[in-house]
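# Residue-level structure breakdown
Given next are the chains, with one letter for each unit.
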Amino acid sequence: MSFTKSAVRSLHTWTHERFEALLDHAATLPPELLTREVAGFGKACLRDQLVHMLASESTWIRGLEMLPRLAWRGSDYPTVEAIRGARREVQAATQAYIDRLDEAELNREIGQLPANWVGPPRSPAFIIVHVTTHAFHHKGQVVAMFRLLGYPAPDTDLQRAE
């Protein structure tokens with residue numbers, strides 16, 4: 001399967017737009033709810049779910065670039081605005097990486113596996129699509145957490161009512 005650079009870039013942009021919608025909603029909640037634990041989730045609070053989404057993208061893209069992974073701790077992002085700033089940085093780093101590749105490189109299986117790689121060698125396009133599906137998995141968990149905390153989220157799907 002081959003992906004166009006434009007399609008990968010667009011999907012990534014749309015994913016971050018939906019992430020931003022989560023942050024907009026999170027900003028309307030009482031601040032203490034950002035770290036209130038909600039039973040039944042691997043990352044027990046909204047902050048940690050949101051930071052995990054960013055950490056995962058950063059780790060995969062830095063791996064593709066053969067750069068060391070960064071240390072991501074939820075406690076380093078105490079506010080929605082801090083998470084929002086990290087989201088902008090992660091998005092910019094991924095977009096810059098995509099921009100450095102031509103379509104052949106984007107679709108070519110990587111030759112050298114970085115340290116701590118999970119799974120078989122894949123193309124950068126495949127990994128970026130994986131990062132996107134991972135983000136939407138956790139976006140669903142965040143939306144469920146909002147509801148359980150008494151603050152249902154607005155529509156955050158890619159295709160949504162305006």
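So, here's what we can say about the structure. (Residues numbered from 1 in each chain as written. Predicted model: local features only at pLDDT ≥ 70, side-chain atom pairs only at ≥ 80, totals over all residues. Heavy atoms only, no water.)

## With respect to the overall build of the chain
The condition is simple: Starting at the N terminus, helices and strands are each numbered in turn, a helix being any DSSP run of H or I of at least four residues and a strand any DSSP run of E of at least two. This radius of gyration counts C-alpha atoms alone. The globule rule is 2.2 Å times how many residues there are, raised to the power 0.38. Exposed residues in this analysis have more than 50% of their type's maximum accessible area, buried residues have under 20%, and partly exposed residues fall in between, with area computed by a 1.4 Å probe over protein chains only. Only heavy atoms enter the contact rule, under which two residues are in contact if any of them lie within 4.5 Å. Only the protein chains shown count as cover for residues, and the accessible areas themselves come from Shrake-Rupley with a 1.4 Å probe. In this tally, Asp and Glu contribute negative charge and Lys and Arg positive charge; neither His nor the terminal groups of the chain are included. Positions of charges follow a simple convention, taking NZ of Lys, CZ of Arg, CG of Asp or CD of Glu.
When you go through the chain residue by residue, the secondary structure sums to 5 helices and 0 strands. When its helices and strands are written in sequence order, the chain yields α-α-α-α-α. Relative to its length of 162 residues, the chain is compact, with a C-alpha radius of gyration of 16 Å against a globular reference of 15 Å. Expressed along its principal axes, the backbone C-alpha trace of the chain runs to roughly 45 × 35 × 25 Å. Of all 162 residues assigned to the chain, the portion counted as buried reaches 44%. Residue pairs in contact within the chain that sit at least 24 positions apart in sequence constitute 72% of those at least 6 positions apart. Surface accessibility of the chain: about 8600 Å² in total, with carbon and sulfur atoms responsible for 54%. When the 18 positive and 19 negative side-chain charges of the chain are each reduced to one mean point, those points stand 3 Å apart.

## Points about unusual backbone geometry
Glycine aside, a negative phi is what most residues show, and trans is what most peptide bonds show. For Met 66, which is not a glycine, the phi torsion comes out positive at approximately 60°. Secondary-structure assignment places Met 66 in the loop between helix 2 (46–64) and helix 3 (80–100). On the basis of relative accessible area, Met 66 is assigned to the partly exposed category, the value being 39%. Despite not being glycine, Asn 116 shows a phi value in the positive range, around 65°. For Asn 116, a relative accessible area of 58% translates into the label exposed.

## Regarding the packing of aromatic side chains
The following threshold applies: Pairing of aromatic rings covers Phe, Tyr and the six-membered ring of Trp, with a centre-to-centre limit of 6.5 Å; geometry is then stacked below 30 degrees between planes, edge-to-face above 60, and tilted otherwise. A ring is scored as having a charge over it whenever the NZ atom of a lysine or the CZ atom of an arginine sits within 6 Å of its centre and within 35 degrees of its normal.
Under the definition given, this model contains 2 aromatic pairs. Measuring from centroid to centroid gives 4.9 Å for Trp 60 and Trp 117, while their planes differ by 85°, and the two rings are edge-to-face. Here Trp 60, found in helix 2, pairs with Trp 117, found in the loop between helix 4 (103–107) and helix 5 (124–148); they are 57 residues apart in sequence, far enough to count as distant. The class for Trp 117 is buried, based on a relative accessible area of 15%. Residues Trp 72 and Tyr 77 carry aromatic rings whose centres are separated by 5.6 Å and whose planes lie at 20° to one another, so their mutual orientation is stacked. Classification of Tyr 77 by relative accessible area gives buried; the value is 17%. In this structure, Arg 122 packs its charged tip against the face of Phe 126, placed 4.1 Å from the ring centre.

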